[in-house]
Amino acid sequence: MPEERIVLRHCDTIDPEDIETYLARGGFKALEKATGAMSPTQVVEEVKGSGLRGRGGAGFPAGVKWELCAGTPAAQRFVICNADEGEVGTFKDRYILERDPFSLIEGIAIAGYAIEARQAFIYLRAEYHHLLGPLSKAIAGIRERGLLRRPDGSELDIQVREGAGAYVCGEETALMESIEGKRGEARYRPPFPPTRGLWGQPTIINNVETLMNIPAIVLNGGGWFSQIGTERSKGTKVFSISGDVRQPGVFELVMGSPLQELLELAAASDTKMVQIGGAAGRVLPGDQIDTPLSFETVLGAGSVIAFDTTRDAVAVVLRNAEFFAEESCGLCSPCREGTLAMVEILTRLSRGEGTDRDLAALEELGRVMMATALCGLGQAAPNCVLDTLQHFRPDYESKIKHLAARG
Amino acid sequence: MAEYQGNRDVLALLKEAQEKPGYLAAELLQQIARDCRIPVGHLYGVATFYGFLDTRPVGRNVIRICQSVPCYLKEVDAVAKAIEDELGIKPGEITGDGRFSLHRVNCLGACDHAPAMMVNGRVHVDLTPSSVIDILGEYR
Ligand SMILES: Cc1cc2nc3c(=O)[nH]c(=O)nc-3n(C[C@H](O)[C@H](O)[C@H](O)COP(=O)(O)O)c2cc1C
Ligand code: FES
């Protein structure tokens with residue numbers, strides 16, 4: 001399967017600073033079709049029928065979320081575009097925002113129409129400060145042309161809110177706290193955002209890439225989209241690949257494409273293992289690169305980091321553990337204490353001072369965190385520890401003195 | 001909903017306030033709290049939560065060097081060491097002349113051009129131990 005471009009179809013063919021180039025390629029035809037020829041409910045139905053699932057990591061069906069939100073009576077509803085892109089190893093949202101802000105804004109406008117919202121926010125991570133100006137300019141240009149006005153006279157306002165350097169703010173409820181001007185601590189759920197979100201109002205929050213799919217779905221129909229991909233993963237996925245590869249970058253593949261294909265596009269060699277889905281993601285050993293990439297298998301937000309045979313699993317896992325210890329918001333103890341304990345054990349191991357008990361302790365700790373942490377951060381933090389303990393146990397054992405001597 | 005009607009972008013407010021002095025001193029937070037009628041405890045809670053807000057002094061130029069795995073694979077530690085040697089400071093410290101402070105942060109979303117760092121609002125990529133010294137020269 002070659003690269004297939006739905007999300008990235010306008011990247012590098014339009015000028016991101018010149019809306020004319022986007023209009024010349026059929027830009028805003030989808031929004032025109034949605035607001036002119038479809039009811040909000042029909043738009044929601046189309047998105048539901050497409051089978052599109054969220055690209056920010058959790059894979060929740062977008063149409064179901066929209067339907068729930070649209071069906072909740074309220075004075076005001078909100079659309080949020082999650083451009084916090086904090087998953088380690090992902091840069092595809094940055095790539096998209098740099099090259100085609102227009103399709104994203106069109107997707108947001110369609111979402112706003114579908115749930116009858118008048119206010120949308122794009123939450124942009126502070127690390128992407130260089131994109132704040134261009135993005136705001138693109139929105140202003142579109143507004144000036146009246147493209148955000150609807151047949152009933154209402155208009156969607158889109159504001160860009162810049163984050164301030166907190167990974168956990170990519171989590172949807174923490175992100176809403178942050179927009180509300182608070183500390184970015186995750187909320188207990190339920191209620192879920194589609195019924196009670198921003199300022200307590202029904203809210204849909206979607207990743208940049210999810211919203212990028214919307215114009216094509218509206219134009220070509222949900223049925224068209226649902227023909228692409230696998231049984232439970234429709235469409236394409238945009239991957240960010242980095243690490244031990246000669247051509248790191250962004251590639252869009254049909255869902256279900258084998259990992260090997262991506263590794264080839266990025267010119268990887270001597271691959272020992274691959275981490276998919278960022279620091280919280282799963283680790284596959286090099287002999288499993290025929291694994292298809294989809295929600296059924298492994299995906300996350302599409303971060304793929306390749307490691308060659310010169311790399312030590314424990315060193316890599318320690319880096320990840322340090323990441324979680326720092327980024328834990330500290331609210332729940334399994335995550336706050338668990339991540340610190342992992343760093344402590346892994347540090348000891350990497351110094352060659354590990355004991356027999358350490359491996360069992362890591363496994364036990366991992367299981368407890370997965371079962372009891374409040375949000376996805378703490379629940380997923382143990383993934384790479386447990387995966388590498390399974391596939392690369394000798395890397396650990398070589399750091400425990402008497403085992404190393406025996407081995 | 002009343003909350004939303006009067007909503008203001010608190011993060012932007014604090015970022016702007018911190019721009020000139022470099023950090024959000026207690027007196028500054030108190031003044032913002034009075035001016036904007038926001039409880040000072042709330043502002044302090046927010047200011048201490050976010051990595052890009054500082055309640056303690058930082059350098060005139062803030063260096064944030066990425067320590068996440070893709071940058072680690074591309075020898076970011078050697079780049080960090082070059083900066084530390086050049087400036088004579090460790091992460092978390094400020095140079096004697098107040099020109100720089102150094103901080104280690106997580107993935108900047110520039111892993112296709114690792115290793116990467118951010119200085120103030122700008123990301124610098126494809127760093128080497130020598131290129132990074134030239135880049136620092138651009139910041140006064
Ligand atoms: C710790 C944590 C960090 C997250 N970071 C991001 C992020 O940076 N970008 C994103 O789109 N989703 C992120 N998510 C997922 C969001 O909570 C949410 O599922 C997503 O924004 C929904 O949009 P989608 O359905 O279109 O994917 C994160 C989740 C967790 C638990
Ligand atoms: S790991 Fe350094 S920029 Fe992503």
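Residues numbered from 1 in each chain as written. Chains lettered and ligands numbered in written order. Predicted model: local features only at pLDDT ≥ 70, side-chain atom pairs only at ≥ 80, totals over all residues. Heavy atoms only, no water.

### Some details on the overall build of chain B
What counts, and what does not: Each helix corresponds to a stretch of at least 4 residues labelled H or I by DSSP, and each strand to a stretch of at least 2 residues labelled E; elements are numbered beginning at the N terminus. Contact between two residues is taken to exist if any of their heavy atoms lie within 4.5 Å; hydrogens are not considered. Surface accessibility in these figures is a Shrake-Rupley result with a 1.4 Å probe; residues are shielded only by whichever protein chains are displayed. When charges are counted, neither His nor the chain ends are considered; positive counts come from Lys and Arg and negative counts from Asp and Glu. Throughout, a charge is located at the NZ atom of Lys, the CZ atom of Arg, the CG atom of Asp or the CD atom of Glu.
Of regular secondary structure, chain B possesses seven helices and four strands. Along chain B, from the amino end to the carboxyl end, the secondary structure elements read α-α-α-α-β-α-α-β-β-β-α. For chain B, the spread of C-alpha atoms along the three principal axes comes to 50 × 35 × 20 Å. Within chain B, counting contacts between residues at least 6 apart in sequence, those at least 24 apart form 58% of the total. Counting only carbon and sulfur atoms, one obtains 49% of the accessible surface of chain B, whose full area is about 6,700 Å². For chain B, the distance from the average position of its 15 positive side-chain charges to the average position of its 18 negative side-chain charges is 4 Å.

### Looking at the interface of chain A and chain B
Note the threshold: Defined in terms of a 1.4 Å probe, buried area is the accessible area two parts forfeit on being brought together, summed over both. For this analysis, a salt bridge means a side-chain nitrogen from Lys or Arg found within 4 Å of a carboxyl oxygen belonging to Asp or Glu. Under the rule applied, a polar contact is a pair of N or O atoms within 3.5 Å (in protein, one hydrogen donor and one hydrogen acceptor; residues adjacent in sequence only if both atoms are side-chain atoms). Residues are grouped as follows: nonpolar covers Ala, Val, Leu, Ile, Met, Phe, Trp, Tyr, Cys and Pro; charged covers Asp, Glu, Lys and Arg; every other residue, Gly included, is treated as polar.
On the side of chain B, 37 residues touch chain A, which itself brings 50 residues to the contact. Contact with chain B buries area across many residues of chain A, yet Ala164(A), Trp199(A) and Arg319(A) alone supply 20% of it, more than any other trio. Put simply, chain A and chain B have four salt bridges between them. Between Glu162(A) and Lys15(B) there is a salt bridge; the shortest N-O distance is 3.3 Å. Joining chain A to chain B, the criterion identifies 22 residue pairs in polar contact (both at pLDDT 80 or more). The set of elements that each furnish at least two residues to the side of chain A that touches chain B consists of β2 (119–124), β3 (157–162), β5 (236–243), β9 (303–308) and α13 (313–327) of chain A. For the side of chain A that touches chain B, the leading source of residues is α13(A), giving seven residues. Of the residues contributing to the side of chain A that touches chain B, the split by class is 21 nonpolar, 15 polar and 14 charged.

### What to know about the sheet that holds strand β4 (residues 203–207) of chain A
In a beta sheet, neighbouring strands are held together by backbone hydrogen bonds and run either parallel or antiparallel to one another. All names here are of chain A. Note the threshold: A pair of strands is labelled paired if DSSP reports no fewer than 2 bridges between them. Axis definition: a line fitted to C-alpha atoms, limited for helices to the stretch in contact. Angles are taken between N-to-C directions and run from 0 to 180 degrees.
As summarised here, the arrangement of the four strands in space is β3-β2-β1-β4, forming an open sheet in which the pairing is parallel. For this open sheet the edge positions go to β3 and β4, each flanked by a neighbour on one side alone. Shown here is a sheet whose adjacent strand axes are inclined to one another by a mean of 20 degrees, direction ignored. As judged from the six bridges shared by strand β1 (residues 78–83) and β2, these two strands associate in the parallel manner. Following the sheet pairing, Phe-78 is matched in β2 by Gln-119. In the packing of helix α6 (residues 101–114) onto the sheet, the strands contacted are β1, β2, β3 and β4, and the crossing angle to β1 comes to about 150 degrees.

### Things to note about the packing of aromatic side chains
The line we're drawing: Planes of paired rings set the category: under 30 degrees apart is stacked, over 60 is edge-to-face and the rest tilted, where pairs are Phe, Tyr or Trp rings (Trp by its six-membered ring) whose centres lie within 6.5 Å. Under the scheme applied here, a residue whose accessible area is under 20% of the maximum for its type counts as buried, over 50% as exposed, and between as partly exposed, the area being computed with a 1.4 Å probe on protein chains only. Our definition puts a charge over a ring when NZ of Lys or CZ of Arg is within 6 Å of the ring centre and also within 35 degrees of the ring normal.
Inspection of the entire model under this criterion finds nine aromatic pairs over all chains. Ring centres of Phe49(B) and Tyr50(B) lie 5.0 Å apart, and the angle between their planes is 75 degrees; on these two criteria the pair is classed as edge-to-face. You can call Phe49(B) buried: its relative accessible area is 16%. Taken together, the aromatic side chains of Tyr22(A), Phe28(A) and Phe102(A) make up a single cluster linked through ring pairs. Its guanidinium or amino end placed over the ring of Phe295(A), Arg53(A) lies 4.2 Å from that ring's centre, counting from NZ or CZ. When the ring centre of Tyr128(A) is taken as reference, the NZ or CZ atom of Arg125(A) above it lies at 5.3 Å.

### Some remarks on the domain arrangement of chain A
A common way to report how large an interface is uses the accessible area buried once the components associate. Residue and element names in this part refer to chain A. Put simply, the rule is: Either an automatic procedure or a domain database provided the assignment from which the domain bounds are taken.
By the assigned domains, chain A splits into domain 1 (23–226), domain 2 (236–308) and domain 3 (313–406). Each of domain 1 and domain 2 has a C-alpha centre, and these two points are 26 Å apart. With 14 residues of domain 1 at the interface, the matching set in domain 2 holds 18 residues. Both sides of the domain 1 and domain 2 interface together cover about 1,300 Å² of buried area, and 62% of this is carbon and sulfur. A per-residue breakdown of the area domain 1 buries against domain 2 is headed by Arg-55, Glu-87 and Phe-91, which together make up 36% of the total.

### Here's the deal with the site of ligand 1
All names here are of chain A. Where we set the bar: The criterion for a residue being near a molecule or strand is simple. One of its heavy atoms has to lie within 4 Å of it.
Within the structure, ligand 1 sits among 19 residues, and Gly-56, Glu-172, Asn-206, Asn-207 and Thr-210 are positioned closest to it. Between ligand 1 and Asn-206 there is a distance of 2.8 Å, counted from an oxygen atom to a side-chain nitrogen or oxygen. Residue Asn-207 places a side-chain N or O atom 2.8 Å away from an oxygen atom belonging to ligand 1. Contributions of two or more residues to the shell around ligand 1 are made by β4 and α16 (376–380). Among the elements that line the shell around ligand 1, the one with the most residues is β4, at three residues. Looking at the shell around ligand 1 residue by residue, the classes come out as four nonpolar, nine polar and six charged.

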